[in-house]
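These are the residues of each chain, in order.
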Amino acid sequence: MSLSDEELDRYARHIVLPQVGGAGQQRLKAARVAVVGAGGIGSGVLPALAGAGVGRLTIVDGDCVDISNLQRQPLYRTSDIDQPKAQLAAGFLRERFPQVDSIAVSTRIDPDNAEALLAGHDLIIDGTDNFATRLTISDAAVRLGIPLLSAAAQQFQGQVALFRGRPCYRCFVGDAFDADDCDNCAEFGVLGALTGTVGNFAALIAIRAIVGIEPDAAGTLHLFDGAGLSWRPIRLTADPACRACS
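None of these values were measured; they are calculated from a predicted model.

Participant: Even after reading the chapter, I still don't get the pattern of salt bridges, so can you show me in this structure?
Facilitator: Two side chains of opposite charge can pair, provided their charged atoms sit close to one another. A full pass over the atoms with the stated rule returns eleven salt bridges. For Glu-7, the salt bridge goes to Lys-29, with nearest N and O atoms at 2.9 Å. Pair noted here: Glu-7 is in helix H1 (residues 5–10) and Lys-29 is in helix H3 (residues 21–30), with a separation of 22 residues, a long-range link. The exposure class of Glu-7 is buried, given its relative accessible area of 7%. Between Asp-216 and Arg-164 there is a salt bridge, with the nearest N and O atoms lying 3.1 Å from each other. You can see Asp-216 sitting in the loop between helix H10 (192–211) and strand E7 (220–225) and its partner Arg-164 sitting in the loop between strand E6 (157–163) and helix H8 (169–173), a full 52 residues away along the chain. By relative accessible area, which is 37% here, Arg-164 ends up partly exposed.

Shown next, in the form of structure tokens:
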């Protein structure tokens, strides 16, 4: 996939990087990424990936903007309250990054529609805020054979991990979190700046994965302590009894 003169100028700071170059920028342009969740994590991920030149971004989110979202979701304005997030996020990207194909899907993902919504993408990024939805997305990614980048933030803690088949996200958290009433940031709170930090870090891992920068981050969980200002990588192992990927 070739780059236009305008794209060569737009992405000049990428192209001069030896780890990216013209070939890496072409891979970004050809990439199709599904981002599930246009909240705090999505507000970091989406502008970063669109700015990097990812060719197609599918934004899946069935929620509308609430006033409590504005503390950590800079994609939205006060006047956007009660409007659908996916549509607003896609409009935000189209206005600033017209070369990117930004597609809004204002639907809540569930076990019945997950595979249909996610099929045909090169990478899935999960920025949702409850375990049941994350496990639904992970199980669909395993069945579809699509890499999954999971990012989450709660209180002062963040975590990001890239999964390629085995181990999968279910190997990491187990089967106990399939219920819809599991922990989320509405119950425990989250520092607004943390979601931007985690979202941008997830975008960095996504760009590395698309371009093919080594070493591969798959299978490593990156934990961020926002209170202590430290990152800690943990190597994940596959669960031989996992009902999704074993």
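Right, picking up where we left off after that structure.
Participant: Explain the packing of helix H4 (residues 40–52) against H10 here, please?
Facilitator: To describe two helices that pack against each other, one gives the angle between their axes and the distance between the axes. At a minimum axis distance of 7 Å, the contact between H4 and H10 shows a crossing angle of 40°. Comparing their axes, H10 and H4 come out oblique. In the crossing of H4 with H10, the sense of the turn from one axis to the other is right-handed. Facing H4, whose interface residues are Gly-40, Ile-41, Gly-44, Val-45, Ala-48, Leu-49 and Ala-52, H10 presents Thr-195, Val-198, Gly-199, Asn-200, Ala-202, Ala-203, Ala-206 and Ile-207. Here the contact of H4 with H10 is composed, by residue class, of ten nonpolar, five polar and no charged.

Participant: Could you clarify how one ought to interpret the sheet that holds strand E4 (residues 123–126) in this entry?
Facilitator: Either a parallel or an antiparallel arrangement is found when strands of a sheet pair, and the pairing is made through backbone hydrogen bonds. An order of E3-E2-E1-E4-E5-E6-E7-E8 is seen for the eight strands of this open sheet, with the pairing classed as mixed. One side of each edge strand has no neighbouring strand; the edge strands of this open sheet are strand E3 (101–105) and strand E8 (230–235). Averaged over all neighbouring strand pairs, the angle between strand axes comes to 15°, with direction disregarded. Relative to E7, E6 is paired through five bridges, and the arrangement is antiparallel. Paired with Gln-159 across the two strands is Leu-223, which belongs to E7.

Participant: Explanation requested: H4 in the structure shown.
Facilitator: Taking 1.5 Å per residue as the helical rise, H4 with its 13 residues ought to reach 18 Å, and the 19 Å between its terminal C-alpha atoms agrees with that figure. In terms of burial, H4 is largely enclosed, as ten of its 13 residues are buried. Those residues of H4 that sit buried are Gly-40, Ile-41, Gly-42, Ser-43, Gly-44, Val-45, Leu-46, Leu-49, Ala-50 and Ala-52. Following H4 by one or two positions, Gly-53 has its phi on the positive side, about 100°.

Participant: For this particular structure, what's the right way to read the nonpolar core?
Facilitator: Residues Val-33, Leu-46, Leu-49, Leu-57, Ile-125 and Leu-149 are the most contacted members of the largest nonpolar core, which totals 46 residues. For this core, the elements supplying multiple residues, two or more each, are strand E1 (32–36), H4, strand E2 (56–60), helix H5 (85–96), E4, strand E5 (148–154), E6 and H10. Of the residues forming this core, the biggest block, ten residues, is contributed by H10. When residues no more than four places from it in sequence are discounted, the contact partners of Ile-125 are Val-33, Ala-34, Val-35, Val-36, Val-45, Leu-49, Leu-149 and Ala-206. Counting residues in hydrophobic clusters, the runner-up holds 21 residues, among them Ala-34, Val-36, Ala-141 and Val-173.

Participant: Explain the pairing of E5 here, please?
Facilitator: Every regular strand shows the same layout, with side chains that alternate between the two sheet faces. With six of seven residues buried, E5 lies mostly within the body of the structure. As judged from the three bridges shared by E4 and E5, these two strands associate in the parallel manner. For Ile-124, the partnering residue across the bridge sits in E5 and is Leu-148. Bridge count between E5 and E6: seven bridges; the pairing is antiparallel. In the sheet register, Leu-149 faces E6, and the bridge partner there is Leu-162. The antiparallel hairpin formed by E5 and E6 contains two residues in its connecting segment, where Gln-155 sits at a positive phi of about 55°.

Participant: What's the story with the packing of H4 against H5 in this structure? I'm lost.
Facilitator: Between H4 and H5, the least distance of the axes is 10 Å, while the angle of their chain directions is 30°. Taken as axis vectors, H4 and H5 run roughly parallel relative to one another. Like other packed secondary-structure pairs, H4 and H5 cross with a definite hand, here right-handed. Of the residues in H5, those touching H4 at Leu-46, Pro-47 and Ala-50 are Ala-89, Phe-92 and Leu-93. For the contact of H4 with H5, the residue count by class is six nonpolar, no polar and no charged.

Cut-offs used in this document
- Residues numbered from 1 in each chain as written.
- Predicted model: local features only at pLDDT ≥ 70, side-chain atom pairs only at ≥ 80, totals over all residues.
- Heavy atoms only, no water.
- Salt bridge = Lys/Arg side-chain N within 4 Å of Asp/Glu carboxyl O.
- Helix = DSSP H or I, 4+ residues; strand = E, 2+ residues; numbered from the N terminus.
- Buried < 20%, exposed > 50% of the residue type's maximum accessible area, 1.4 Å probe, protein only.
- Axes fitted to C-alpha atoms, helices over the stretch in contact; angles between N-to-C directions.
- Parallel < 35°, antiparallel > 145°, perpendicular 65-115°, else oblique.
- Left-handed = near helix turned anticlockwise from the far one by under 90°.
- Contact = heavy atoms within 4.5 Å.
- Nonpolar A, V, L, I, M, F, W, Y, C, P; charged D, E, K, R; others polar.
- Pairing = 2+ DSSP bridges.
- Expected span 1.5 Å × (residues − 1).
- Core = buried A, V, L, I, M, F, W, Y, C linked by side-chain atoms within 4.5 Å.

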